[in-house]
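One-letter residues, chain by chain:
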Amino acid sequence: MEKALITLRINEREVSVPGGSTILEAAGKAGVFIPTLCHDKRVAPYGACRLCVVEDRRKPGALTPSCFTPARDGMDIVTDSERVLEAVRTQLRLILADHPPDCPVCDKAGECTLQDLVNRYGVSGVPLPATRTPGAADRAAPLIERDMSRCVLCGLCVRICGELQGRGELDFIHRGHRVQVGTDGGRPLDCDFCGLCVSACPVGALNDRLYGNRTRVWKLEKRKAFCTHCGLNCPAEFHLEKGRIRRVVPEKGDDGVKGLLCVRGSFGWRAFENAARPARPRVRRDGVQAEVSWNEAVAYAAGALRNFLAARGGGSLALLTADHLTTEEALSCRALFRDRIRCGGVGSLRAGGYRRILSVLGGGNGGAFPGGEDRRDPWEADILLVLGGGAVEHHPVLKPLVNRFLKSPWKELAVVSSWPDDLSGRANLSLVVPPERFDGFLAGLRKALSGERGGPPPDTGPLFVDTERLARLIGLLESGRNMTVLVVPDLFGDGGERARMAAFLRDRARAVLPLGGGLNSRGAVLDAGLVPAGPAGGAALLEAMEDGRIRGLWLLGEDPLESLPGGDRVRAALEKLELLVCQGPYETAAAALAHAVLPSALPLEKSGTVRSLTGVERTLRPLLSPFGESRPDLEILEDLRAALGGAAGENALEFPEWNTDTGAVVPGPPDRPPSLQAEGSSKNLPGGEGFPCTLVPVPSIFGDGPLSLRSPDLLELRRGLRVLMNGDDLEDNRFEEREPVSVRTPFGSAPAEAGRVPGVERGTALLVHVTGDPAGLSLLRPGTAAVPAVIERRRP
Amino acid sequence: MIPSVNRIAFCTSRTCRFRRDVDVRALLAGALETLGVRDRIDLVETECLISCYQGPSIMFLPGGQVHQVLSEEGLAGTLKSFLASGGHPLAPPPAESRRDREIPGIENVDFFGKQKLVVLRNRGHIDGESIEEYIVHDGYLALYKALTAMTPEEVIAEMKRSGLRGRGGAGFPTGRKWEETRKYNRFPKYVICNGDEGDPGAFMDRSIMESDPHAVLEGMILCGYAVGASRGCIYVRAEYPLALRMLGTAIATAREKGFLGRNVLGTGFDFDVDIYPGAGAFVCGESTALMFSIEGKRGMPRIKPPRSTESGLWGRPTCLNNVETFANVPRIILEGGEWFRSIGTEDSAGTKVFSLTGAVKNVGLVEVPMGTDLRTIIFDIGGGIRGNARFKAVQLGGPSGGCLTEKHLHLPVTFDSLQDAGAMMGSGGIVVMDDTNCMVDVARFFTQFCVDESCGKCVPCRTGLNVMLGLLEKIIEGRGEPSDLEDLEKMAEHVAATSHCGLGQAAPNPVLSTLRHFRDEYEAHIREKRCPALVCTDLLRFEVDGDACRRCGLCARVCPAGAVAWSKGEIAVIDRDRCIRCKSCIRACRFRAIR
């Protein structure tokens, strides 16, 4: 909607802005500085600090706050009259009266808005009797330090937490001069730890504890880059000192993802400092791993590969890649493993669900995304339809984006998921379908929408959802309104059916956006053609390894022991392998079994091209020097290709079904039968007392990706494996919040911590923080979205 | 023997109960029983009878004579003589002999006679809990007229013609607000009645809600019809339990009778009302803070635009008016805007209810046509200053208002007339002060109130007022310096100019107006370290002025610390070591001999 331009004068300068702009915005355009303390483009204007007052020549004497007053045609604004300046100075004096003069011990000094303004407006001395003395900082919570004696009550943290993050952890308490910002009952912060409040605080009241007291702001080198924890690649500013990261802050700006980071981006950077990394390549000789030079390692790996190909053929080798690869690296992978070795499968454990959805949607042979529709701003839609649970758990930065989307009263958020995730809590329409019926439900819905008759789909029985909500959903989908579809994979499930649903809706949607991918998942599929053909979830891979179809495994940043459910089965399968190569940045559990360990560089240590989940192409530039002797994957792969020499795949098996390009949308019944009833009936469970339930593994807001799992601070927030259930179930079974319990399934058992979560059906428990937890993984089966389980009190 | 009295209404509101907490119903029943007429006279519980100064009040109907209950015996005697003669205890003494005297009407008593009751017309005449009685007094007739014979646009046109302006204090034209709300086509729309009366010394809205809740309700329904709303909310402070009860009953009975709910009066118009008790935050009387409070959020004023008429409660178009505004609406619809406009002044039509409190003789509710001057209100209706003190100042508009002096008494009270003098009509609280009030202390009281009640959002209101309070306390405690007055004035002007909402913008008014009209008192505090009104304890020396002392010994008798030495015929002497500075002696001394 183009609004007519209006013209006004600010300090004698004429400026034209679109109607509806504020005076402050107009001043910005005219290049006139107006002081503010409570203003942040990420949230709505608030008008608390009253520093932005200006005078309108047509209304002499009156002071107008410019941050929210709309500019009007013909206004004649003055920002530097003596009256305005005196008002600003008085305001600053008042703020100083309630602010302790403890700048020497304040981390904010040097980048403090208040300090800057006091300096700029020449306020000196102690002009008013001070009412506040430096207080003790509250360090009860991890990562964020609060020193409320320094708070100037601008309300930015309150607003950014409530309005943007939708969390409402902080709010004003008390009234009048006693007002302060606090939490419920003064308890320590227990929130998403997105750090947006810290990024918004204009003074030193909210501080980054990882940064605090370690350096001074003027020593920092500020480098613009982007976060590499998930596939949204949010723009971020990395503050470095002597080649080490000191902190990461959101890159401020007013468009889209800018100005937003989640807990992983803000506080997960110590993953780059994690020393649990192989410094030099290792190879196994006579059953023992030994550190060798890169030349030896490459020669060894190439030799082993050559021998393996000669003995077993390329079809017996599988490649698992995490999406930390740049597009160039992924292309090199493709050239080596697919075109050269013609290996039996290229898969991914962590990004498998994403790749599967994208390929079903028609990502196909690295071609352009269908119609290119996703290039349009997905948030311009009227309806946001989310298929699958865990959108914001996979990508926490979606929380503020969705909240921003929902600000307009006519926008609708519909979530169809198999578990009550964070988004379904704030959806206008939420349908939670049990995991074992989820695919059947979507297939039935698709039939209903396409006008096929014949009642509910076979094998699913009744739809098990509230019919009124179902009717509203169908109404929304058929309303013809502008719609964006987000498709979210399960943590270990397949996701093919929701992708087919999305593909079916593609004609009605302005954008279809698969989620759940890593750093360059989209580039890996669309630009480099790493396309899976079979269902995601790793079940096929595990079976192939068990029955000997796959005898060699090349791990590129992946570790099945960390992210493939199955526990001992996985370990046994890995131990059977004739060739196992671990190429990746971190020391992993599988590395101990490997024939060769090739240390590679982390994303911030290398350069290349990546494509975000929203389709934006970005260039990665090295901010840090590689750890030890680790090298970018591209160099390793190219060296291998050279060492491997001429054609070696001639006697390879015919390209197996695992790697056929799908090309087009594959409509049809679910690829697998609902497995819960098939193999997980409760009679398989060992007996005993406890809470019998359906266990649904779900992603964690603190990250399940390779980087997140290596950040000590995110690990501390995760607090290990947790089972979250309905509050009534918790009470009926007399579990305390945070009580240690043990979880048993037909496949294994694991210790966990009990907790409550709103919205979960009774008899269902969510399993969080399972990735990276071998005991937790042993509870599950690959490829399944839920298993039956019993939760019982842990015996002392 | 019994003249035309068939009903006695007695007041149960808390102002009367504060004066004397007796069971008026039992007393009346007993007295009537004794007279043997119990079965011929109805006893009706009612709310405010407006003459609070002589509570507990009873009213004889249909005559409307108001009488004060003192004791059982007194009551019996009065009843007997009143029922026998029809005389009125407040009436001037009869000029002629008793036998010849005409029964003096209530209109001959200044307190009642000089008032013009539009909003309060039903007070005492009807039982607020009885919808039937309201209906008998033309209740819901306006609603019927509007729903059956007028379009919403015509209702709005009538409101605009009436010139009614919002009685909450800001004086925004009601018709225009309704028209604004009607303009937006987003539904549901809301009508909100602001009953969060919080000014110290104001109780107009409470009395209206308690004595005539249906009038408020009818006004809201009419508003809902006019603006196209289907939901109404009444936000009432929880400190008004009786108002909450009366409104609750009114809503329930109105629903029963079909004035509320689906299909009002069979016309297809849906409207229902809910009550939201407020938790007593002064700032929640500000319209946007009030809406946040209803939404369950913290009551803090928000920025405008958008105006509430466009995006108010739950982001929907919302029309918010004050209790008294709504109570005016049914009469306007019934009698026509022209009639309403004929009362009051050109810019401020109609009447205004004031709560008259302080040092005045007749404390109570006063409803007069707009434009009545302050002298009439304070001296004719209010009966002048209590005791032998002298009028000193009148404070209008609560903590947001200013103090005016004797020389302003000729000013007519309208929305705009007092602004030049540094005061405002506000919501209608009038506090009269005599020479025992220290104006610096008064300013400190109101500033302290605003410091406590500020929501704390914006800097000038939160901190600036606190700085002002600090300066005032410094002056009161005798540490004042000459530069403080200038600092105080500057800060007050700064707070007024840069605060966000009405609370902060108006909070400096008490300071600014007292600085303007009573600067000499401030000067006395600062330069002479003396409080002329003998209020500020730190500035009192507790010395007996031998010239003024009449040697009566009253001071010695009241002193709780035994610090005053006095023997008959001697000038009292205060032992300042034993003195606890409680000021009992100063209050007791009739000659202002202790300083």
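Residues numbered from 1 in each chain as written. Chains lettered and ligands numbered in written order. Predicted model: local features only at pLDDT ≥ 70, side-chain atom pairs only at ≥ 80, totals over all residues.

A count of helices and strands for chain A gives 24 helices and 32 strands. Within chain A, the fraction of its 796 residues that count as buried is 56%. Of the contacts formed within chain A by residues at least 6 apart in sequence, a portion of 75% connects residues at least 24 apart. (Helix = DSSP H or I, 4+ residues; strand = E, 2+ residues; numbered from the N terminus. Buried ≥ 20, exposed ≤ 12 C-beta atoms within 10 Å, placed from the backbone. Contact = placed C-beta atoms within 7 Å.)

Helix and strand counts for chain B come out as 23 helices and 16 strands. Relative to the globule expectation of 25 Å for 595 residues, the C-alpha radius of gyration of chain B, 26 Å, shows essentially globular dimensions. With respect to the principal axes defined by its C-alpha atoms, chain B has extents near 80 × 65 × 40 Å. Residue burial in chain B is summarised as follows: out of 595 residues, 53% are buried. (Rg over C-alpha atoms; globule rule 2.2 N^0.38 Å.)

Right, let's get into the packing of helix α8 (residues 174-183) of chain B against helix α10 (residues 213-227) of chain B. Residues and elements named next belong to chain B. Where α8 meets α10, the closest approach of the two axes is 8 Å, and the angle between their N-to-C directions is 45 degrees. Our classification of the angle between α8 and α10 gives oblique. When α8 is examined against α10, the residues W178, T181 and R182 are found in contact with a partner set consisting of C223, A226 and V227. For the contact of α8 with α10, the class distribution of residues is four nonpolar, one polar and one charged. (Axes fitted to C-alpha atoms, helices over the stretch in contact; angles between N-to-C directions. Parallel < 35°, antiparallel > 145°, perpendicular 65-115°, else oblique. Nonpolar A, V, L, I, M, F, W, Y, C, P; charged D, E, K, R; others polar.)

Taken residue by residue, the interface counts 27 residues in chain A and 25 residues in chain B. Contributing elements (two or more residues each) for the side of chain A that touches chain B: α2 (82-97) and β7 (171-173) of chain A. Sort the elements by how many residues they give to the side of chain A that touches chain B and α2 of chain A lands first, with six residues. Residues belonging to the side of chain A that touches chain B are distributed by class as follows: 18 nonpolar, five polar and four charged.

Another point: the domain arrangement of chain B. Residue and element names in this part refer to chain B. Parsing chain B into structural domains produces domain 1 (7-109), domain 2 (131-342), domain 3 (351-434), domain 4 (439-527) and domain 5 (540-595). With eight residues of domain 2 at the interface, the matching set in domain 4 holds nine residues. Across the side of domain 2 that touches domain 4, the residue classes break down as six nonpolar, one polar and one charged. (Domains from an automatic or database assignment.)

Our next topic: the confidence of the model for chain A. All names here are of chain A. Mean pLDDT over chain A: 86, with 89% of residues reaching 70 or higher. Of all the helices and strands in chain A, helix α21 (residues 675-679) carries the lowest mean pLDDT, 40, while strand β24 (residues 596-599) carries the highest, 96. Residue range residues 647-683 is modelled with pLDDT below 50. Its contacts to residues more than four positions away, or to other chains, number 71 contacts. (pLDDT = per-residue confidence, 0-100.)

As far as domains go, chain A holds domain 1 (5-80), domain 2 (129-273), domain 3 (282-350 + 524-657), domain 4 (355-516) and domain 5 (675-793). Computed from C-alpha coordinates alone, the two centres of domain 1 of chain A and domain 5 of chain A are separated by 54 Å.

Before going further, it helps to spend a moment on the nonpolar core. A general feature of soluble globular proteins is that nonpolar side chains tend to end up buried together. C157 of chain A together with L222 of chain B are the most contacted members of the largest nonpolar core, which has 404 residues in total. Counting residues per element, this core draws most heavily on α10 of chain B, at 10 residues. Contacts of L222 of chain B, omitting those with residues within four sequence positions, involve A142, L143, A146, V155, V329, P330 and I333 of chain B. One finds C559, A572, C585 and C589 of chain B within the second-largest nonpolar core, a separate group that totals 13 residues. (Core = buried A, V, L, I, M, F, W, Y, C linked by C-beta atoms within 7 Å.)

With that settled, the discussion passes to the environment of V360 of chain A. In this fold, V360 of chain A is placed in helix α9 (residues 352-363). Exposure remark for V360 of chain A: the 30 C-beta atoms within 10 Å place this residue in the buried category.

Our next topic: the sheet that holds strand β12 (residues 244-250) of chain A. Residues and elements named next belong to chain A. Spatial ordering of the open sheet is given by β10-β11-β12, a layout of three strands whose pairing is antiparallel. Bordering the open sheet on either side are β10 (221-226) and β12, each of which pairs with just one other strand. Sheet twist, expressed as the average angle between the axes of neighbouring strands with direction ignored, equals 30 degrees. (Pairing = 2+ DSSP bridges.)

Turning next to the sheet that holds strand β21 (residues 509-514) of chain A. All names here are of chain A. Spatially, the five strands line up as an open sheet ordered β19-β18-β17-β20-β21, and their pairing is parallel. Every interior strand has two partners, whereas the edge strands, β19 (429-432) and β21, have only one. Each strand of the sheet is rotated relative to its neighbour by a mean of 10 degrees, with strand direction disregarded. Where strand β18 (residues 412-417) lies against β19, four bridges are found, and the strand directions are parallel. If you follow S417 over to β19, its bridge partner there is V432. Strand contacts of helix α14 (residues 467-477): β17 (383-387), β18 and β19, with the helix running at about 120 degrees to β19, the strand carrying the most contacts.

Residues and elements named next belong to chain B. Most of strand β14 (residues 429-434) is tucked away, with five of its six residues classed as buried. As paired strands, strand β10 (residues 351-358) and β14 are joined by four bridges and run parallel to one another. Bridging across to β14, S355 finds its partner in G429. Pairing of strand β12 (residues 391-396) with β14, which is carried by five bridges, proceeds in the antiparallel orientation. Directly across from Q395, in β14, lies its bridge partner V431.

Attention now moves to unusual backbone geometry. The peptide bond linking F187 of chain B to P188 of chain B adopts the cis configuration, its omega dihedral lying at -5 degrees. Structurally, P188 of chain B is set in the loop between α8 and β5 (190-195). Looking along the chain, the bond that leaves K304 of chain B and enters P305 of chain B is cis, with omega of -5 degrees. Tracing the backbone through its elements, the reader meets P305 of chain B in the loop between α12 (287-294) and β9 (318-322). For H769 of chain A, which is not glycine, the phi dihedral falls at a positive 70 degrees. In this fold, H769 of chain A is placed in the loop between β31 (764-768) and α24 (774-777). With 25 C-beta atoms packed within 10 Å, H769 of chain A lands in the buried category. Phi at D138 of chain B takes a positive value of approximately 65 degrees, unusual for a residue other than glycine. Tracing the sequence through the fold places D138 of chain B in the loop between α5 (131-136) and α6 (141-149).

Attention now goes to the confidence of the model for chain B. Residues and elements named next belong to chain B. Overall, the predicted model of chain B reaches an average pLDDT of 88, with 95% of residues at or above 70. The low-confidence segment residues 87-103, where pLDDT is below 50, has 16 contacts with residues more than four positions distant or belonging to other chains. Of the two predicted TM-score estimates for the complex, the pTM is 0.86 and the ipTM is 0.85.

Below, the discussion takes up helix α3 (residues 113-120) of chain A. All names here are of chain A. Along α3, the residues classified as buried are T113, L114 and L117. All buried residues of α3 fall inside an arc of 95 degrees around its axis, so they share one side. Those residues of α3 that are buried are in contact with α2. Looking one or two residues past α3, G122 carries a phi angle of roughly 65 degrees, positive in sign. (Arc of directions from axis to C-beta.)

Take the packing of helix α7 (residues 294-312) of chain A against helix α20 (residues 633-644) of chain A next. Residues and elements named next belong to chain A. The interhelical angle for the contact between α7 and α20, taken along N-to-C directions, is 55 degrees, at an axis separation of 9 Å. Put simply, α7 runs oblique to α20. Where α7 crosses over α20, the handedness of that crossing is right-handed. Of the residues in α20, those in contact with V298, A299, A301, A302, L305 and R306 of α7 are D639, L640, A643 and L644. Of the residues that constitute the contact of α7 with α20, the class distribution is eight nonpolar, no polar and two charged. (Left-handed = near helix turned anticlockwise from the far one by under 90°.)

Between its terminal C-alpha atoms α2 of chain A stretches 22 Å, which fits the 22 Å expected from 16 residues at 1.5 Å a residue. Three or more residues of α2 of chain A are buried, namely A87, V88, T90, Q91, L92, R93, L94, I95, L96 and A97 of chain A. Against the buried residues of α2 of chain A lie β3 (53-56), β4 (63-65) and α3 of chain A together with α17 (459-476) and α18 (482-498) of chain B. (Expected span 1.5 Å × (residues − 1).)

Before going further, it helps to examine the environment of I34 of chain A. All names here are of chain A. Looking at the element boundaries, I34 is found in the loop between α1 (23-30) and β3. A count of 23 C-beta atoms within 10 Å places I34 in the buried class. Separated by 137 residues in sequence, I34 and D171 place their C-alpha atoms 27 Å apart. Contacts of I34, omitting those with residues within four sequence positions, involve L24, A27, C52, V54, S66 and T79.

Moving on, we come to the pairing of strand β15 (residues 317-321) of chain A. Residues and elements named next belong to chain A. The buried fraction of β15 is high, at five of five residues. Alternating positions in β15 separate into two faces, L317, L319 and T321 on one and A318 and L320 on the other, with burial throughout. Across five bridges, the pairing between β15 and strand β22 (residues 552-556) is parallel. For T321, the partnering residue across the bridge sits in β22 and is L556. In this structure, β15 lies alongside strand β16 (residues 345-347), joined through three bridges in parallel fashion. Counterpart to L319 in the pairing with β16 is V346. Note on the crossover from β15 through helix α8 (residues 327-340) to β16: the handedness is right-handed. (Right-handed = clockwise from strand over helix to strand, strands pointing away.)

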